Amino acid sequence: MQYYGNVFRPPSEARSLIIQATVGCSHNDCTFCYMYKDDEFRIRSVEDIKKDLKEMSSYGDYFERIFLADGDALVLKTEDLIEILKAIKEYFPNVKRVSSYATAQDINRKSVEELKELYDHGIEMLYIGFETGDRDLLKKINKGVTYEEYVEAMKKVKEVGFKSSITIIAGLGGVEGMRENAIGTAKLISDTKPDYLGYLTMRIYKNTPLYKDYVAGKFHMPDAAQILEEMKIFLENVDSEGTVFRSNHASNFILLAGTLNEDRQALIDAIEQTLKKKSFRPDALRGF
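All of the points below concern the structure found in this document. Keep in mind the model is a prediction, meaning the values are calculated, not measured.

Helix and strand counts for the protein stand at 10 helices and 10 strands. Here the C-alpha radius of gyration of the protein, 19 Å, is about what a compact globule of 288 residues would show, namely 19 Å. Residues counted as buried form 52% of the 288 residues belonging to the protein. Pairs at least 24 apart in sequence give 77% of the contacts found in the protein among residues at least 6 apart. Entry remark: accessible area of the protein is about 13400 Å², with carbon and sulfur atoms responsible for 48%. Across the protein, the mean location of the 40 positive side-chain charges is 3 Å away from that of the 46 negative side-chain charges.

Read from one edge of the open sheet, 8 strands run S1-S4-S5-S6-S7-S8-S9-S10, paired in mixed fashion. Whereas interior strands pair on both sides, the edge strands pair on one side only; in this sheet they are strand S1 (17-20) and strand S10 (256-259). Sheet twist, expressed as the average angle between the axes of neighbouring strands with direction ignored, equals 20 degrees. Inspection of the sheet shows strand S8 (residues 196-201) paired to strand S9 (residues 244-247) by 3 bridges, in the parallel sense. Opposite Tyr196, over in S9, you have Val244 as the bridge partner. Contacting strand S6 (123-131) and strand S7 (163-170), helix H6 (residues 147-160) crosses the sheet at an angle of about 165 degrees to S6.

Right, let's talk about unusual backbone geometry for a bit. Cis geometry marks the peptide bond from Ala69 to Asp70, where omega comes out at 0 degrees. Checked against the element boundaries, Asp70 lands in the loop between strand S4 (65-69) and helix H2 (78-91). Geometrically, the link from Leu260 to Asn261 is a cis peptide bond, its omega value of -5 degrees lying close to zero. Within the secondary structure layout, Asn261 lies in the loop between S10 and helix H10 (264-277). Phi is positive for Asn28, close to 50 degrees, though the residue is something other than glycine. Here Asn28 shows up in the loop between strand S2 (22-23) and strand S3 (42-43).

Here we come to the side chain of Ser240. In this fold, Ser240 is placed in the loop between helix H9 (224-237) and S9. By relative accessible area, Ser240 is classed as buried at 0%. Apart from the residues within four sequence positions on either side, Ser240 is in contact with Ile189, Lys193, Pro194, Leu260 and Asn261.

A full pass over the atoms with the stated rule returns 11 salt bridges. The salt bridge partner of Arg135 is Glu148, with a shortest N-O separation of 2.9 Å. With Arg135 in helix H5 (residues 135-140) and Glu148 in helix H6, this pair connects stretches of sequence that are 13 residues apart. The partner of Glu272 in a salt bridge is Lys232, and the shortest N-O contact between them spans 2.9 Å. Here Glu272 is found in helix H10, whereas its partner Lys232 is found in helix H9, with 40 residues between them in sequence. One continuous salt-bridge network, built from bridges that share partners, spans Glu47, Lys50 and Glu83.

Moving on: the packing of aromatic side chains. For the structure on display, the rule yields 12 aromatic pairs. For the pair Tyr101 and Tyr127, a centre-to-centre distance of 6.3 Å together with 75 degrees between the ring planes defines the contact as edge-to-face. Of this pair, Tyr101 sits in strand S5 (residues 97-101) while Tyr127 is found in strand S6, placing the two residues 26 residues apart along the sequence. The class of Tyr127 is buried, set by a relative accessible area of 6%. Among the aromatic residues, ring-to-ring pairing joins Phe8, Tyr34, Tyr36 and Tyr205 into one connected group.

The rules behind each value
- Per-chain numbering applies: the sequence of each chain, read as written, is numbered from 1 onward.
- Predicted model: local features are reported for residues with pLDDT of at least 70 only, side-chain atom pairs are reported and counted for 80 or more only, and whole-chain, interface and lining totals are derived from all residues.
- The basis for every side-chain value is the complete set of non-hydrogen atoms in the structure, without hydrogens or water.
- Helix and strand assignments follow DSSP, with helices taken as H or I runs no shorter than four residues and strands as E runs no shorter than two, numbered in order from the N terminus.
- Here the globule rule reads 2.2 Å times residues to the power 0.38, and the radius of gyration is calculated from C-alpha atoms.
- Throughout this description, buried means an accessible area under 20% of the type-specific maximum (1.4 Å probe, protein chains only), exposed means over 50%, and partly exposed covers the range between.
- By definition in these notes, contact holds between two residues if any of their heavy atoms fall within 4.5 Å.
- Calculation of accessible area relied on Shrake-Rupley with a 1.4 Å probe; when residues are assessed, cover is drawn exclusively from the protein chains displayed.
- Under the counting rule used here, the positive set is Lys and Arg, the negative set is Asp and Glu, and His together with the chain ends is not counted.
- To locate a charge, the coordinates of NZ of Lys, CZ of Arg, CG of Asp or CD of Glu are taken.
- The pairing criterion is simple: DSSP has to find at least two bridges between the two strands.
- Geometry is summarised by axes, namely lines fitted to C-alpha atoms with helices restricted to the contacting stretch, and by angles between N-to-C directions that run from 0 to 180 degrees.
- Just to be clear on terms, a salt bridge is a Lys or Arg side-chain nitrogen sitting within 4 Å of an Asp or Glu carboxyl oxygen.
- Geometry of aromatic contacts follows a simple scheme: Phe, Tyr and Trp rings, the Trp one being its six-membered ring, pair when their centres are within 6.5 Å, and the pair is stacked under 30 degrees between planes, edge-to-face over 60, tilted otherwise.

Shown next, in the form of structure tokens:
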């Protein structure tokens, strides 16, 4: 079985079989993202992917989930993805869920009918990196997608029936953009109402354009207290009833878990207590 470059997956896919449909990310131009900067993007052949599935089929009883990597497997042609999904059913008849990273661009390039075919053939969950809902910040970080395109993509996701897991990033706008990032992102989450929401904390890596801005003094990284204040502003403004909320990534200064909107005040209270005691997680990873 072949893996190329750096292979990443969501925390909830820790026990999944990871199959690379692409190597790297087709966009790979976000200023803050380090994940695939050293990987030249390419789409793997369907035959190679099927070989990987066949090779791992002897472990079929062990895996209940399969995750299609890398950055955006949905960039593949719909007919190719369907062929891969049929192979998954052939070699792993006991698999309960297939999931994938997806970009709003990939989702919007496909029709609802195409997406429904993928859903019917086994893709159940899509992981989408919103990062921010601040329109100006989306341009600044070269995300390659607009607020409106996120909303359009999520309408398709919901119409088809996919489960959606969204990531957003506290601190992405720096000290100066904390409030705008929090409020803009709260509005985007309120407008799209995902099933799951993961709140990460900004980390700076040396192989990113943002690192150069940081060294040049153009980007000012918020400290732990400022990050939590930003998260508090987000929670005070978000309206996404039923969304499962988590901040349990290695980057987070506080571990939070709850369901919006019912646990909103408890989440805010936990942030306020942490700020009062200054009991930030000491092992939160900062990057570099």
